[in-house]
Amino acid sequence: MAFNRRAFLNTILGGGVIGWLGSIFYPVISFLIPPKIPEANVQSVNAGSIADIALNSSQILKFGRTPVLLIRSKTGEFKALAATCTHLDCTVQYRQDRQDIWCACHNGIYNLSGRNLSGPPPKPLSEYLVNIIDKEVIISKPKQMG
Amino acid sequence: MDKKLSIKLFVFFCSCLSIILFATTVQSQEKAKYGEDDQCIVCHKDEEILPEDFSEFDIHLQTGLSCKGCHGGDETSDDEDLSMSSEAGFIGVPEKIEIAAMCGKCHSDINFMRQYQPRIATDQVQQYHESVHGKKLAQGDTKVADCTSCHSVHNILPAIDARSTIYALNIPATCKKCHSDKEYMAEYGIPTTQYDEYVESVHGVALLERQDTGAPACNDCHGNHGAMPPGIASIGHICGTCHVNNQEYFSKSKMAIEFQRDELHACEECHGDHDVKKTSDDMIGDSDSSTCVDCHEEGEEAYDTGIKIRQSLGGLVTAYDSAATLLKTVEHAGMDDLEMSYAVKDAKQSLTQARTLVHTFDFEQVKVKTDEGKTFVTQALKLGNTQMQDLRFRRLGFGIATFFMTIVLVALYFKIKDIERED
Amino acid sequence: MFKKSAEKSYNWLDDRFKITPLVEFMRHKQVPIHKHSLWYYMGGVALFLFLVQIVSGILLLLYYQPGVDSAYESIRFITTKVSFGWLFRSVHSWSANIMVFFVFVHMFSTFFTRTYSKPRELTWLTGSVLLVLSLVFGFSGYLLPWNELAFFATKVGTDIAGAIPLIGDPIKLLLRGGEGVTGATLSRFYAFHIALIPAVFTLFLFLHLLFVQRQGMHEPEFFHKLPENKKRMMPFFPNFVLRDALLWLLVLNIIIYLAVFFPWEIGVKADAFAPAPDGIKPEWFFMFMFQALKLLPAHMFIMEGEVFGILFFTLAGLVWFTVPFWDVFIKESMRPKIMKLFGISVIAFILILTIWGYLV
C-alpha cells in the first residue's frame, strides 16, 4: 500500500514537472523563433517586383508607422515620398491624370519631387530612397546627415 | 630622390602661401568695392554726414549706382562747390511727387532691368499709380507712401534678403509704421488696429512666431505696389489662393449666391479679416461662438442645418476621441497598435475633410464624410478591442501553466510529508 | 534501468571528483525548525528571482537594441511582434522589483534575528554589497526602455549623485557619459546592466553562498539555548531543498500571474526636449530617499539641504552595513532591545517616507 502510494505520488510529480516544464519551455522556444518582421526599426520595405507595378501608377506602403507613397511615373521612374501631408497630416495621393501629388483635405498640391506647389502645405514631402535589387523595388529611409 | 621630394614640398608650400595671400588681397579688395573713388561718399563719410539709414549693402550701391544716380552731381570732384552745383546736375533731395517716376526711369524699363534680372517685373510704377497710395499722391497728399516708404531710402535690399524691410517676415512691421499710427492716420478715417489684430491671428502667428514664410503678410491680400483694400468680389479669391477647397465648396454653395445678392464679404463674414482665428466646430450650430446665428434665426431651415452639421461633426469628434483614447491604452499596454493607428489616422482625415465640407453648407455632404469617419472609428475600435482581448486571452495560457504548477505543488507537498514521516 | 545508469554516472563522477563528501555534507547539514524558520527561505527566494532575472534578461537581450532611436522601438517590438515577448519583458520587470523586495525582507530578517553577529560579519557585508548592487541593477535597468518617466527619473537620479561634494560632478559625468542624459547614457547604463553589475554581483553572490554553506544555518538565541535533544532539525537535503523548490514555484507563478494580468507598461517614448511630465517617480525602492531629499529645506547648517541629505544617507548606510562591528560595544543585556528598536525605527522611517512619497 505504502509502496503504491509512493509510486503514484512519483508519477504525479513526474507528470506535473514535465507538464510544467512544457508550459515554461513552450514560450521560451517560441520566443527564440524570429518573428516575421525581424527588426524593430523598419529600415526598408519591399514593394514587389518591377513587372507588377504599372506605369503612371502609385501605391501607399506602410513603412513602419508612416505611410509612404510610391509612384511610378509615365516614363517608368520610381519615386518614394512620405505620404503624410505637411499641412494637417492627411494622406496624400497621386493623381494619374495630372501627374502630381494631391491632398484631398485642403487641395494641397506637390510635384513629383515632393515640392509643395500650391495650397496650404508649408513644406515639401520628405523623400525615401528607391533601389532596385534583383528586379524588386526596395524603399528605404534616406541616410541621415551626421 | 629625397632632394626631389623636398623640392616638391617646397613648391607645394609656396603655392599654398601664394594662394592664401592672393585670397586675402582679393577679400580686402572686395571690402573696399564701394565708395573708394566716389567723392560724395568719401567726403560725407569724413564729415560724418552720411544719411542716417545709409548702408553699404544697399543693392544700388553694390551694383554701382551711387549717390549721383538719384541726387545728381559730380562724384569725381572733391570740391563741394563743383560737385554739388546745378551745373553738375545736382538736384538735392528729390520731391516726393517725383520719386516714383525717378525709380521708374530704370525699373519700368525692361531693356535696362533685364541685365540684372531677366524676368524681373517692370510694372511697379504703373501699379503704384493705381494704388490708394499713388492716387492720393496724385491728388496732392504727400503723407502717403512712396517707393522709399516701404523699400527704405539708402538701405534698399532685395525681398529675399532677411534684412530687407520688404522681406516676408518684416512686411507687417513696415506697413505698421504708418497704419498703426493713430494720429498719422486720423484724417483717413480707417482703423489702425490691423497690425495688433493680425499678430494674434492664425496667419500672424504662423508668419511671425513660426516664421513660416508661406503664411500671408499684408501684401498677400492687399497687393504690393497696387495696394488696395480687396473688393467684395475678390475676397473669396484671395483666401482661395491658399484655401482652395474651402473656396471652391463655398462658391458652389447656396450661401454664395445669397452673399453676392446681399453684398456680404464672403469668408470674412464668419472668419474676420485681419484677426482670422483658428477655427472651431462651435463656429457652426447654435452655440454662443456660432457665426450662423448672426444672420439666421431659430425656426429657419438654415438654422437647423447648422445644428445638424454641428451635431454630425460633434459625433465624429466624440467617436474619434474614444478611438484615440483606446489607441493610447493599447499602446501603453504594449500591444500591437500599428493597424489601429492607421485606422485612427484615416478617421482623423475624414474629420479634417468633413470640417472643410462645412463650407458647402450642405448637411448631406458633410454627413457622407462624418459617416465615413465613423466607419474608420468603428474599425479602429474593433482592432483595438481585438488587441485588448488578446491581452485577456493570455490568461488562458497562464491557466494552463498554473494547472501544471498546482499539480507539482500538491505532489511536492505530499512528497515532503512522505519524506518527513520516514525520518 | 534509469536508476542503474544514474548510479553509474554518479560513480563515474565520484571516481574523478570525489563528490561523495559534498553530498554527505549536504545531507548532514541541518536546518533548525522553530517559530522563525520561515525567514530562512527569504534569501533563497531572492536567489531564485536573480536566476529568473538572468534567464529572462538573456532572452530579452536577443531582441533589445540600445540606442535613442531603437531602445523604445525594440521594446515595443518585443512586446508586440515577438511571440511571448510581452511575457518575458513583464516577467523581467516584475521579478526585478520583487527581487529587490525579497532582498530587503531577507536583510531585515537577518537583522532582527541578529544573524549578522560573529561569526557571520562577512556574510552580512557581502549581503550589503549585494543589496546595493540590486539597487543599481534596478536603477540602470529602469532607463533601458527609454521612456519618458525613466528618462526624467534618471536625470533626477544622476543629478542627485552630482550633488555630492567634491566627487559628485565626476561621478555624474561618469554615469551619464556626457553633460546630459543622452544616448551615451543609455549605452553606459546598458553596459552596466548587462555586463558590469552581473559580473560583480555573481562574484559577491558566490562568496555570500560560500559563507552560508560553510557556516551553516544560524540558530537564534532562544533555539541555541535549548538542550540538544529538544532542538528540532530537518536535513538540508532533500527536505529543505524541496520546500525551497515549492516556494520558488509559487513565487514564479505569482510573477507570471502579475505579468499576465498587470503587464508592465511601456509608457511614452522619451523626448529629451519635451518638458518634464508630471509625476516623475523613481522606482519604489528609491522613493524614501527621494522623498526625504525633497522634504529637506534648501539650506541646512552650512550646506545645501540636498548635500546634507546625501551625506546623511551615506552615513546611515555605512552605520547600517557595519552593524556587526559596532553592536558588540553595546552592553549584552541591552543589545537585543536596542537593536530591535533601531531596526523598527529604520523600517518605520522607510515606510513612512515611501508612503508619503506616493501620496504627494
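The numbering scheme is per chain: residues are counted from 1 as the chain's sequence reads. Chain A is the first chain written and ligand 1 is the first ligand written, with later ones labelled in order. Residue-level local features of this predicted model are given only where pLDDT is at least 70; pairs of side-chain atoms are given and counted only at 80 or more, and the full residue set underlies all totals for whole chains, interfaces and linings. Each side-chain value is worked out from all heavy atoms of the structure, with water and hydrogens disregarded.

J.: Teacher, can you tell me more about empty space enclosed by the protein here?
T.: Once rolled over the atoms, a probe with the size of a water molecule shows which space is left empty. Buried and open spaces are told apart on a 1 Å grid over the protein atoms alone, a cavity being a set of points where a 1.4 Å probe fits but cannot get out and a pocket being an open set with protein on both sides within 12 Å along at least five of seven lines. Residues with an atom within 4 Å of a point are the lining residues. Grid points are joined across faces, edges and corners, and a volume is the space filled by probe spheres set on the points. Counted under the stated rule, the structure contains one cavity of 30 Å³ or more. When its volume is computed, the largest cavity comes out at roughly 40 Å³. Residue lining of the largest cavity: Ala333(B), Arg394(B), Thr79(C), Trp86(C), Arg89(C), Ser90(C), Ala259(C), Pro263(C) and Trp264(C), and that is the complete set. Here the residues of the lining of the largest cavity sort into five nonpolar, two polar and two charged. Here the nonpolar group is Ala, Val, Leu, Ile, Met, Phe, Trp, Tyr, Cys and Pro; Asp, Glu, Lys and Arg are the charged ones; every other residue, Gly included, is treated as polar.

J.: Just checking my understanding: could you explain the sheet that holds strand β5 (residues 93–95) of chain A for this structure?
T.: Strands belonging to one sheet form pairs held by backbone hydrogen bonds; the direction of such a pair is parallel or antiparallel. All names here are of chain A. For two strands to be treated as a pair, DSSP must find no fewer than two bridges joining them. By the criteria applied, helices consist of DSSP H or I runs no shorter than four residues and strands consist of E runs no shorter than two, each listed in order from the N terminus. The antiparallel open sheet is built from four strands, whose spatial order is β5-β6-β7-β8. Whereas interior strands pair on both sides, the edge strands pair on one side only; in this sheet they are β5 and β8 (116–118). Pairs of neighbouring strands in the sheet enclose a mean axial angle of 40°, with direction left out of account. One ladder, built from three bridges, connects β5 with strand β6 (residues 100–103); its direction is antiparallel. Across the sheet, residue Tyr-94 finds its bridge partner in β6, namely Ile-101. Note on geometry: axes are lines fitted to C-alpha atoms, helical ones only across the stretch in contact, with angles between N-to-C directions running from 0 to 180 degrees.

J.: Explain the state of the cysteines to me, please; I cannot follow it from the model alone.
T.: Here, disulfide denotes a covalent bond that connects the sulfur atoms of two cysteines. A pair of cysteine sulfur atoms is labelled a disulfide when the two atoms are within 2.5 Å. According to the stated counting rule, one finds one disulfide over all chains in the structure shown. Sulfur-sulfur distance for the disulfide between Cys90(A) and Cys105(A) comes to 2.1 Å. Handedness here is read from the sign of the S-S torsion; for Cys90(A) and Cys105(A), about -95°, the answer is left-handed. Of the two residues, Cys90(A) is situated in the loop between β4 (78–82) and β5 and Cys105(A) in the loop between β6 and β7 (108–110); the sequence distance between them amounts to 15 residues. We classify Cys90(A) as buried; its relative accessible area is 2%. As a non-bridged cysteine, Cys67(B) has Cys40(B) as the owner of its nearest cysteine sulfur, 4.6 Å distant. Between Cys295(B), a cysteine without a disulfide, and Cys270(B), which holds the nearest cysteine sulfur, the sulfur-to-sulfur distance is 7.5 Å. Residue Cys295(B) is classed as exposed on the basis of its relative accessible area of 58%. Think of it in three bands: with a 1.4 Å probe and only protein chains considered, a residue is buried below 20% of the maximum accessible area for its type, exposed above 50%, and partly exposed in between.

J.: What is the right way to read the pattern of salt bridges from this model?
T.: Two side chains carrying opposite charge are able to pair once their charged atoms lie near each other. When a carboxyl oxygen of Asp or Glu is within 4 Å of a side-chain nitrogen of Lys or Arg, the pair counts as a salt bridge. As enumerated under the stated definition, the model contains 24 salt bridges over all chains in all. Lys62(A) serves as the salt-bridge partner of Glu339(B), at 3.3 Å between the closest nitrogen and oxygen. Note that Glu339(B) is positioned in helix α21 (residues 338–357) and Lys62(A) in strand β2 (residues 57–63), a pairing that runs across two chains. Between Glu248(B) and Lys252(B) there is a salt bridge; the shortest N-O distance is 3.3 Å. Given the relative accessible area of 33%, Glu248(B) is considered partly exposed. In this structure, a network of salt bridges that share partners links the residues Arg5(A), Asp418(B) and Arg421(B).

J.: I would appreciate a short explanation of the interface of chain B and chain C in the present structure.
T.: When the parts of a complex come together, some accessible area is lost, and that lost area is often taken as the interface size. What makes two residues a contact is simply this: any of their non-hydrogen atoms within 4.5 Å. With 22 residues of chain B at the interface, the matching set in chain C holds 26 residues. Approximately 2,200 Å² of surface area, both sides summed, lies buried where chain B meets chain C, with 64% of it carried by carbon and sulfur atoms. Two parts placed together each lose some accessible area under a 1.4 Å probe, and the buried area is that loss summed for both. Three residues stand out in chain B for area buried against chain C, namely His332(B), Arg394(B) and Phe398(B), and they jointly supply 29% of the buried area on that side. Our count for the contact surface shared by chain B and chain C stands at three salt bridges. In this structure, the salt-bridge partner of Asp336(B) is Lys81(C), at a minimum N-O distance of 2.6 Å. Pairing of N or O atoms within 3.5 Å defines a polar contact, subject to two protein rules: one partner must be a possible hydrogen donor and the other a possible acceptor, and residues neighboring in sequence count only if both atoms are side-chain atoms. Joining chain B to chain C, the criterion identifies five residue pairs in polar contact (both at pLDDT 80 or more). Those elements that provide at least two residues to the side of chain B that touches chain C are α20 (301–332) and α22 (363–422) of chain B. Ranked by the residues each element gives to the side of chain B that touches chain C, the list is headed by α22(B), at 14 residues. For the side of chain B that touches chain C, the per-class residue count stands at eleven nonpolar, three polar and eight charged.

J.: Is there a simple way to think about the packing of helix α6 (residues 121–143) of chain C against helix α7 (residues 148–162) of chain C in this case?
T.: Two measures define how a pair of helices packs: the angle their axes make with one another and the distance between the axes. Residue and element names in this part refer to chain C. At a minimum axis distance of 8 Å, the contact between α6 and α7 shows a crossing angle of 135°. Here α6 is positioned oblique relative to α7, judged by the angle of their axes. Residues Phe-139, Tyr-142 and Leu-143 of α6 pack against Leu-149, Ala-150, Phe-151, Ala-153, Thr-154, Gly-157 and Thr-158 of α7. Classifying every residue of the contact of α6 with α7 gives seven nonpolar, three polar and no charged. In this scheme, roughly parallel covers angles under 35 degrees and roughly antiparallel covers those over 145, while 65 to 115 is roughly perpendicular and the rest are oblique.

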